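# A closer look at the structure
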Amino acid sequence: MEYADEGNDEYLFEAARDAAERSFGKEVYLRGLVEFTNYCKNDCYYCGIRRGNANAERYRLTEDEILFCCDVGWNIGFRTFVLQGGEDPFFTDDRICQIVRKIKETRPSCAVTLSIGEKSLESFQRFYEAGADRYLLRHETANEWHYGKLHPASMSMENRKKCLHDLKKIGFQVGCGFMAGSPFQTIDHLYDDIVFMRELEPHMIGIGPFIAHRDTPFKDEPDGSVNLTLKLLAILRLLFPKALIPATTALGTIDALGREKGILAGANVLMPNLSPPHVRRKYLLYDGKICTGEEAAECNMCLRRRVERIGYHVADSRGDHPDFVNERNEHDVESGI
Ligand code: 5AD
Ligand code: FES
């Protein structure tokens, strides 16, 4: 899907980066991403770790390995840890809660973000009580018909939206989002996405290009474009001036300077990988993923350099949504941690 009007694009990106600067100055937030399991009970047609992909080499990190990743991240200055995984029944609510508690126990001033799929209201509540601060659950598309083209019948858009509303009700900072240029996506679907987001008012918005994975039903579908992704980032920045919006690894995969371009189109978050090197090559949602051979420290330095090169700098704070003050981070501010 392309709507070429290059002259206007730069104007749009400039307006979006001005909006980001008004809310955040020239700060970019880093989130350390721990991809702790690639087992998944779902079978989304676009995703490389779908249950039906027999070629995926499955792994799970142990609790100690996850905590070790957070130690490494903490020591290089990360104050947010994102635990991301497939929907893996091995990681029961008890196990997730215990991991969250342990991360927070020794690093009370950090933020923990979960990105582990659809759960019940009760489960979300337990995660929150264990200390999780934020939750990422991309809605993938807000259009019912399109949702059905991307997912098997066992999954429903209705439940996904319910989860997002439940998360907000509980008090999480909530992230939704979708892939730019996913198969069957039309401009009308993007309109539906925007209407849905205006209603949800997410604190975080994850947008990256769709990239085909060779072992999925969408292996022959064209990748989403850099330009469409950037335009969507910019439009969403203008609509949600205070949102936390990452320039994603997927954007860095389809364009060597994609993440820089994302920041210059209004994004203000980067999510360097903290996963241990021996599993990085296995957490492949799409083909060609960058940073699968690097160590945490390398990605950290690389990203800091990239941010500085375009005139921005990496923030030291944990980077909550500007409107979002709950008892936990209010306490952090008061005690100056
Ligand atoms: N290309 C790009 N993004 C993908 N995701 C899953 N598969 C792909 C793919 N092939 C995204 C989904 C998911 C997030 C974790 O990664 O939007 O929510
Ligand atoms: Fe990993 Fe650049 S971000 S090497």
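Please refer to the structure higher up on the page.
Let me begin by describing the structure that accompanies this report. If you're wondering where the values come from, they're calculated on a predicted model, not measured in any experiment. Every chain is numbered on its own, with residues counted from 1 as its sequence reads. Just so you know, chain letters begin at A and ligand numbers begin at 1, following the order they were written in. Totals for whole chains, interfaces and linings use all residues, but because this is a predicted model, local features are given only for residues with pLDDT of at least 70 and pairs of side-chain atoms are given and counted only at 80 or more. Only hydrogens and water are set aside when side-chain values are computed; all heavy atoms of the structure are taken into account.

What follows is about the sheet that holds strand 9 (residues 313-314). Here, strands pair whenever DSSP counts at least two bridges between them. Think of it this way: any DSSP run of H or I at least four residues long counts as a helix, any run of E at least two long counts as a strand, and we number them from the N terminus. The sheet built from three strands is open, its strands ordered 8-1-9 with parallel pairing. With partners counted over all chains shown, the strands left at the sheet margins are strand 8 (269-270) and strand 9, one partner each. One ladder, built from two bridges, connects strand 1 (residues 27-30) with strand 8; its direction is parallel. Bridge assignment links Y29 to a residue of strand 8, and that residue is V269.

Here we take up the nonpolar core. Across soluble globular proteins, nonpolar side chains have a tendency to be buried as a group. To qualify as a nonpolar core, a set must consist of buried Ala, Val, Leu, Ile, Met, Phe, Trp, Tyr and Cys residues joined through side-chain atoms within 4.5 Å. Each residue is placed in one exposure class: buried if its accessible area under a 1.4 Å probe, protein chains only, is under 20% of its type's maximum, exposed if it is over 50%, and partly exposed if it falls in between. Grouped together as the largest cluster of nonpolar side chains are 85 residues, with contacts concentrated most on F36, I103, L114, F127, Y135 and F172. The element that contributes the greatest number of residues to this core is helix 8 (residues 226-239), accounting for seven residues. Within the second largest apolar cluster, nine residues are counted, among which are F24, Y29, V269 and A315.

By nearness alone, every residue bordering ligand 1 is listed as Y46, C47, Q84, R138, E140, M179, P209, F210, I211, L285 and Y286. Contact between ligand 1 and Y46: a nitrogen atom at 2.9 Å from a main-chain N or O atom of the residue. For ligand 1, a nitrogen atom lies 2.7 Å from a polar atom in the backbone of I211. All accessible areas in this document rest on Shrake-Rupley with a 1.4 Å probe, and a residue is counted as covered only by the protein chains that are shown. Isolated, ligand 1 exposes 410 Å² of accessible area, and the fraction of that covered by the protein chains is 86%. The residue makeup of the shell around ligand 1, split by class, is eight nonpolar, one polar and two charged. For each residue, the test is whether any non-hydrogen atom lies within 4 Å of the molecule or strand; if one does, the residue is near. Here a polar contact means two N or O atoms within 3.5 Å. Within protein one must be a hydrogen donor candidate and the other an acceptor candidate, and residues neighboring in sequence count only if both atoms are side-chain atoms. When residue character is reported, Ala, Val, Leu, Ile, Met, Phe, Trp, Tyr, Cys and Pro are called nonpolar, Asp, Glu, Lys and Arg charged, and the others, Gly included, polar.

We now examine the side chain of D9. Following the sequence through the fold, D9 ends up in helix 1 (residues 6-24). The class of D9 is buried, set by a relative accessible area of 6%. At a separation of 2.9 Å, a polar atom in the side chain of D9 contacts the side chain of N227. We call two residues contacting when some pair of their heavy atoms lies within 4.5 Å. Residue contacts for D9: discarding those within four places in its chain leaves N227 and K231.

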